[in-house]
Amino acid sequence: MTYGLYALAALAEIAGCFAFWAWLRLAKPIWWLAPGLVSLALFAWLLALVPSDAAGRTFAAYGGVYIVASILWLWMIEGRLPDRWDLSGAAVCLAGAAVILFGPRS
């Protein structure tokens, strides 16, 4: 369940941020902001559903998932092939998120 929530939250956050990007940088109409705001609210709600005892740990682990999802967005939505630095950086971040998520707690 955690992985699914992280994946859906990442999609919602990226889509919401992209709506603002498109309005500001790609000259899309201002009404693009409305679904962007809904998407960002959905992102916050989904992330709050992640079962965890600490919000900061949840957000930190989510950061790695967000970065990988952003690289996938770059490739699949924007049509730009990630380079080796994109992929290497995403792998390092995902490894860091795994340490946070799966590290033993005392």
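Notes on the structure in this doc start here. Since the structure is predicted, the reported quantities are computational estimates derived from the model, not experimental observations.

**So, the overall build of the protein chain**
- What the protein chain contains, in helices and strands, is four helices and zero strands.
- Each helix and strand of the protein chain, placed in order from N terminus to C terminus, yields the pattern α-α-α-α.
- Judged by the C-alpha coordinates and their principal axes, the protein chain covers about 50 × 35 × 20 Å.
- Looking at the protein chain alone, contacts between residues at least 24 apart form 62% of all its contacts between residues at least 6 apart.
- Side chains of the protein chain carry 6 positive and 5 negative charges; the gap between the two charge centres is 3 Å.

**Comments concerning a nonpolar patch on the surface**
- On the surface, a cluster of nonpolar side chains totalling about 590 Å² of accessible area is made up of Leu 72, Trp 75, Met 76, Ile 77 and Leu 81.
- Positionally, Leu 72 belongs in helix 3 (residues 55-76).
- Residue class for Leu 72 comes out partly exposed when judged on its relative accessible area of 40%.

**Considering the packing of helix 1 (residues 2-25) against helix 3**
- Running from N to C, helix 1 and helix 3 cross one another at 60 degrees; their axes reach a closest spacing of 9 Å. On the basis of their axis angle, the class for helix 1 and helix 3 is oblique. As for how helix 1 packs across helix 3, the hand of that crossing is right-handed. Here Tyr 6, Ala 7, Ala 9, Ala 10, Leu 11, Glu 13, Ile 14, Ala 15 and Phe 18 of helix 1 lie close against helix 3, whose contacting residues are Thr 58, Ala 61, Tyr 62, Val 65, Tyr 66, Ala 69, Ser 70 and Trp 73.
- Counted by class, the contact of helix 1 with helix 3 contains 14 nonpolar, two polar and one charged residues.

Cut-offs applied
Residues numbered from 1 in each chain as written. Predicted model: local features only at pLDDT ≥ 70, side-chain atom pairs only at ≥ 80, totals over all residues. Heavy atoms only, no water. Helix = DSSP H or I, 4+ residues; strand = E, 2+ residues; numbered from the N terminus. Contact = heavy atoms within 4.5 Å. Lys, Arg positive; Asp, Glu negative; His and termini not counted. Charge placed at Lys NZ, Arg CZ, Asp CG, Glu CD. Patch = residues over 30% accessible without salt bridge, like charges linked within 9 Å, V, L, I, M, F, W, Y side chains within 5 Å. Areas by Shrake-Rupley, 256 points an atom, 1.4 Å probe, with all protein chains shown as cover. Salt bridge = Lys/Arg side-chain N within 4 Å of Asp/Glu carboxyl O. Buried < 20%, exposed > 50% of the residue type's maximum accessible area, 1.4 Å probe, protein only. Axes fitted to C-alpha atoms, helices over the stretch in contact; angles between N-to-C directions. Parallel < 35°, antiparallel > 145°, perpendicular 65-115°, else oblique. Left-handed = near helix turned anticlockwise from the far one by under 90°. Nonpolar A, V, L, I, M, F, W, Y, C, P; charged D, E, K, R; others polar.

Just distances and angles here, no functional claims.
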